[in-house]
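Examination of the molecular architecture
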Amino acid sequence: MTLQGQVMADQIGIPHLGGGPNLRQQIGDVLRASVIAGRMRKGVVYSAPALAQQFGVSPTPVREAMLDLAAEGLVEAVRNKGFRVVELSDKQLDDITAVRVLLEVPTVAGLATNLTDETRRKLEALYPAARQLVELTRRRDLVGFVGLDRQFHLSLLDLTANQTLVEIVGNLRARSRLTGMADIDHDLLIASAEEHVEILDRLLAGDEAGVTTVMSRHIKHVRGAWAGRPDREQEKG
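Structure report, in brief. Every chain begins its residue count from 1, and numbering advances along the sequence as written. Local features in this predicted model are restricted to residues of pLDDT 70 or higher, and side-chain atom pairs are both shown and tallied only at a pLDDT of 80 or more, whereas totals for entire chains, interfaces and linings draw on every residue. The basis for every side-chain value is the complete set of non-hydrogen atoms in the structure, without hydrogens or water.

Comments concerning the overall build of the chain
The helix count covers DSSP runs of H or I at least four residues long, the strand count covers runs of E at least two residues long, and both are numbered beginning at the N terminus. Helix and strand counts for the chain come out as 12 helices and three strands. Scored against the burial criterion, the 237 residues of the chain give a buried share of 48%. Here, two residues are considered to be in contact whenever any of their heavy atoms come within 4.5 Å of each other. Long-range pairs, those at least 24 residues apart, make up 73% of the contacts in the chain with a sequence separation of at least 6. For the chain, the computed accessible surface area is about 10,900 Å², with 48% contributed by carbon and sulfur atoms. For every residue, the accessible area obtained with a 1.4 Å probe (protein chains only) is divided by the maximum for its type, and the residue is called buried under 20%, exposed over 50%, and partly exposed between those limits. The method behind every accessible area is Shrake-Rupley, applied with a 1.4 Å probe, and residues are considered shielded solely by the protein chains displayed.

Topic: the sheet that holds strand β2 (residues 75–78)
Strands pair, by our definition, only if DSSP identifies at least two bridges between them. A sheet is described by the order of its strands in space; here three strands give the open sequence β1-β3-β2, paired in antiparallel fashion. With one partner strand each, in any of the chains shown, β1 (45–46) and β2 form the two edges of the open sheet. Bridge count for β1 against strand β3 (residues 82–85) is two bridges, and the pairing is antiparallel. What sits directly across from valine 45, in β3, is arginine 84.

Overview of the environment of glutamine 132
Its location among the elements puts glutamine 132 in helix α7 (residues 127–138). Judged by its relative accessible area of 42%, glutamine 132 is partly exposed. Here the alpha-carbon distance between glutamine 132 and glutamate 194, two residues 62 residues apart in the chain, equals 9.9 Å.

A few points about helix α8 (residues 142–158)
Since the α-helix advances by 3.6 residues per turn, residues separated by three or four positions end up pointing in the same direction. Every helix has an expected span of 1.5 Å times one less than the residues it contains. End to end, α8 covers 24 Å across 17 residues, agreeing with the expected 24 Å (1.5 Å per residue, within 8%). Counted as a polar contact is a pair of N or O atoms within 3.5 Å, where, for protein atoms, one must be capable of donating a hydrogen and the other of accepting one, and residues adjacent in sequence contribute only when both atoms are in side chains. Two or three places before glycine 144, at the opening of α8, aspartate 141 has a side-chain oxygen 2.9 Å from that residue's backbone nitrogen.

Focus on the nonpolar core
Counting residues in hydrophobic clusters, the biggest one holds 59 residues, and the most contacted among them are Val62, Met66, Leu156 and Leu203. It is α8 that contributes the most residues to this core, eight residues altogether. Residues in contact with methionine 66, not counting those within four places in the same chain, are Leu31, Met40, Leu51, Val75 and Phe83. One finds Val86, Leu88, Leu93 and Leu172 within the second-largest nonpolar core, a separate group that totals five residues. Take the buried Ala, Val, Leu, Ile, Met, Phe, Trp, Tyr and Cys residues and link them wherever side-chain atoms come within 4.5 Å; each set so joined is a nonpolar core.

Structure representation (structure tokens):
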């Protein structure tokens, strides 16, 4: 591993896990959030042994988790060295955003048209997470925010009982925020976090058109401000 890579790895601030069940998944979740939040930088090579020291585990589950992220398109393997964060072009980010709008917006909005008692209960159960997302942004905990944000949105989609859709959108959501989230305007991030509560409010009110509006705006935040390109968001807004 290069000296630069070692220095950057030391600055990630990942938690010490020290074992337990589903270790590979736990490590993958933390590393995915670190990539999206900008804690792991483009162009830096990260070795599994160096990261494993921070997690307090052996290199094997770290290497396995990084291979999972490589399959998602978040990182790429560097022969005999480790893994490097993948940078997406503007065209790729635009394409991902377009697919997300096609999949997520009508799917989530459609939940408002068929509110069973069970669906209402599950939506109401997401309010604590929505409020915690706002608190995490106020504390500037980007890694914590990214992890919970992913859980929140995939939980919404899980209400459709379409696991294939959940997996596809989960991959797209991760890849759409690969650049510069660490440089986001803090006020914009708070505004985006507050939209989670608004999404739930409008869903429970049966407001399909309102959900469509909020979800579309929410995804534009991801493409623009969260990707370190607020000017792009304004162009598309």
